[in-house]
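Coordinate inspection notes
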Amino acid sequence: MNLRYDTLYIGGEWVRPATDRTINPVNASTEEPLGHVPEATEADVDRAVAAARAAFDAPSGWASWEPARRADVMDRLADVMERRADEFAARVSAQNGMPVAIAGLLETAYPTMILRFYAKLAREAVFEDTREGLFGGPIQVRRVPIGVVAAIAPWNFPQALAMFKIAPAMATGCTLVLKPSPETVLDSYLLAEAMEEAGVPAGVINIVPGGREAGAYLVAHPAVDKVAFTGSTPAGRAIAETCGRLLRPVTLELGGKSATIVLDDADLDLSKIGEGLFTATLLSNGQTCFLGTRVLAPRSRYEEVVDALTVFASSLTVGDAADPATQIGPMATASHRQRVESYIAKGRAEGARLTTGGGRPVGLDQGWFVEPTVFADVDNSAVIAQEEIFGPVLALIPYDDDDDAVRIANDSDFGLGGTVWTSDPERGAAVAHRVRTGTIGVNRYVPDPAAPFGGFKDSGIGRELGPEGLLAYQQYQTVYR
Ligand code: NAD
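Owing to the predicted nature of the structure, the values given are computational and were not obtained by experimental measurement.

Moving on: the overall build of the protein. For the protein, the helix and strand inventory stands at 14 helices and 23 strands. For 481 residues, the compact-globule formula gives about 23 Å, and the C-alpha radius of gyration of the protein, at 23 Å, lands near that figure. The principal-axis extent of the C-alpha atoms belonging to the protein is close to 65 × 60 × 40 Å. For the protein, buried positions account for 59% of its 481 residues. Taking all contacts inside the protein whose residues are at least 6 apart in sequence as the whole, residues at least 24 apart take part in 73%. Between the averaged position of the 43 positive side-chain charges in the protein and that of its 62 negative side-chain charges there is a distance of 5 Å.

Structure (structure tokens):
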């Protein structure tokens, strides 16, 4: 792959960037250069926001369109993205190490499913009602688009997490400036090409590849009306401070350290639960925000759970993300692997029992690989149980009874995902209801576009997905008539 882009997609055109600075993504599996794109600077962000502003404010602009007309554009975009699905999967997988088999679903079919879901909502949703006032007379209550959205995405699911924001924004009539993460900029060019081909009107979505500085500048830009952010908790805090000062609405989807609660009646047959357990605990090399990387195991079956998880993690196929057989690819960057390895070192230093992994896989000398790793006998207060590692590292924590499991699950600064494993779904749901988390599954986990997704506590503020996801892109306007 040698992809060279010298322009930025702003205002429906390919424009020259303000400087000749570039971002140069590297293949996480092979360490080979993948190409370059311009690095957007403040002047480019200014242009992008101005284009989004113009598209929003124009009297016959995007916001004024009938929702069904916007929905047609969204469906056309989904058509083009579906046709180019293999290209999206290959680019994402090369950049961030996501196994291509996973990218082929979650970075292609899943984002277009979200786009079509919100297109359907745009057609069906009623964005206003008229009610009788207590003082008499009709009152019209309208849900109007919030305006220009600054959308900031991380590198781990660049297309899906951008679409969490793009789809409801388009459906409601907002316009956007999307800032992808510097690690994953090449797929954003495919998105731009798809928008052009699908006839998304000029300025509705503008893309500024850049790092933290460009992101911070965009968040604070005076012509932005709302910020939608997915990324780390520290960055989320910084963005929330800016938005607090500016009184700017913001949704924050942040980190997690969720619990996988194995109840004492769980079926541990990996031929039955292995696939679901993988999605819930190790999906995309552990570089997924909702993963239940704290595995809570009942003391009555503790060694059985340790053995099952050890077999599960050690039998996964680790390799080049481009190989369709790969289940665990590399970490996205060299520095991220260093971070993951420093947590593994902390786990050892804290006295946890390493049952598998802990090092770099033999024979994979190029690329930023880490072996799937399981630590048993972890105390929930340990660093590896409290901090987000964002790699293929599981911490097994023993518990006494269901109450103790719930207590440990809730003893976390985060509250994003989680699962309960049991042969009694009612009992599983009862335990799930007691966990302070935004989303949780019983014997399965998938962030379904039909329902709200987001976090409690340090995992964020607000919700994306579901019909509820529209509300973050709308304001109420009350008209007394
Ligand atoms: P990150 O916070 O470093 O960066 C995320 C994005 O924000 C990037 O585009 C980055 O350039 C930008 N950014 C960083 N600092 C900024 C600032 N001060 N102002 C504006 N923009 C800024 O996170 P990352 O390393 O790219 O992604 C991994 C993190 O994202 C993990 O913590 C993970 O849990 C989290 N995440 C959360 C969800 C969720 O839905 N809750 C989903 C995926 C990832």
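With that settled, consider the packing of aromatic side chains. In this description, a pair of aromatic rings is defined by centroid distance and the angle of the planes. Tallying each qualifying case throughout the model produces nine aromatic pairs. Residues Y110 and F164 carry aromatic rings whose centres are separated by 6.2 Å and whose planes lie at 65° to one another, so their mutual orientation is edge-to-face. Taken together, the positions of Y110 in helix α4 (residues 100–124) and F164 in helix α5 (residues 158–172) put the pair 54 residues apart, joining distant regions of the chain. For the pair Y110 and F164, one class covers both residues: buried. By way of ring pairs, the aromatic residues Y5, Y9, W14 and Y189 are connected into one cluster. Above the face of the W65 ring, R69 is positioned so that its terminal group lies 3.6 Å from the ring centre. Above the plane of the ring of Y343 lies K346, whose end atom (NZ or CZ) is 4.7 Å from the centre.

Glancing now at the domain arrangement of the protein. We note that the domain assignment places domain 1 (3–254 + 459–480) and domain 2 (259–448) within the protein. Between the C-alpha centres of domain 1 and domain 2 there is a distance of 31 Å. Interface area for domain 1 against domain 2, summed over the two sides, is near 2100 Å², with a carbon-plus-sulfur share of 59%. When the buried area of domain 1 at its contact with domain 2 is split by residue, S29, W155 and S459 rank highest and sum to 24% of it. Where domain 1 touches domain 2, the interface holds zero salt bridges. Across the domain 1-domain 2 interface, the total number found is eleven residue pairs in polar contact (both at pLDDT 80 or more). Secondary structure elements with two or more residues in the side of domain 1 that touches domain 2: α3 (85–96) and α4. No other element matches the five residues that α4 contributes to the side of domain 1 that touches domain 2. Residue composition of the side of domain 1 that touches domain 2, by class: 13 nonpolar, ten polar and three charged.

What counts, and where the lines are drawn
- Residues numbered from 1 in each chain as written.
- Predicted model: local features only at pLDDT ≥ 70, side-chain atom pairs only at ≥ 80, totals over all residues.
- Heavy atoms only, no water.
- Helix = DSSP H or I, 4+ residues; strand = E, 2+ residues; numbered from the N terminus.
- Rg over C-alpha atoms; globule rule 2.2 N^0.38 Å.
- Buried < 20%, exposed > 50% of the residue type's maximum accessible area, 1.4 Å probe, protein only.
- Contact = heavy atoms within 4.5 Å.
- Lys, Arg positive; Asp, Glu negative; His and termini not counted.
- Charge placed at Lys NZ, Arg CZ, Asp CG, Glu CD.
- Phe/Tyr/Trp six-rings, centres within 6.5 Å; stacked < 30°, edge-to-face > 60°.
- Lys NZ or Arg CZ within 6 Å of the ring centre and 35° of its normal.
- Domains from an automatic or database assignment.
- Buried area = accessible area lost by both parts, 1.4 Å probe.
- Salt bridge = Lys/Arg side-chain N within 4 Å of Asp/Glu carboxyl O.
- Polar contact = N/O pair within 3.5 Å; in protein donor to acceptor, adjacent residues only side chain to side chain.
- Nonpolar A, V, L, I, M, F, W, Y, C, P; charged D, E, K, R; others polar.

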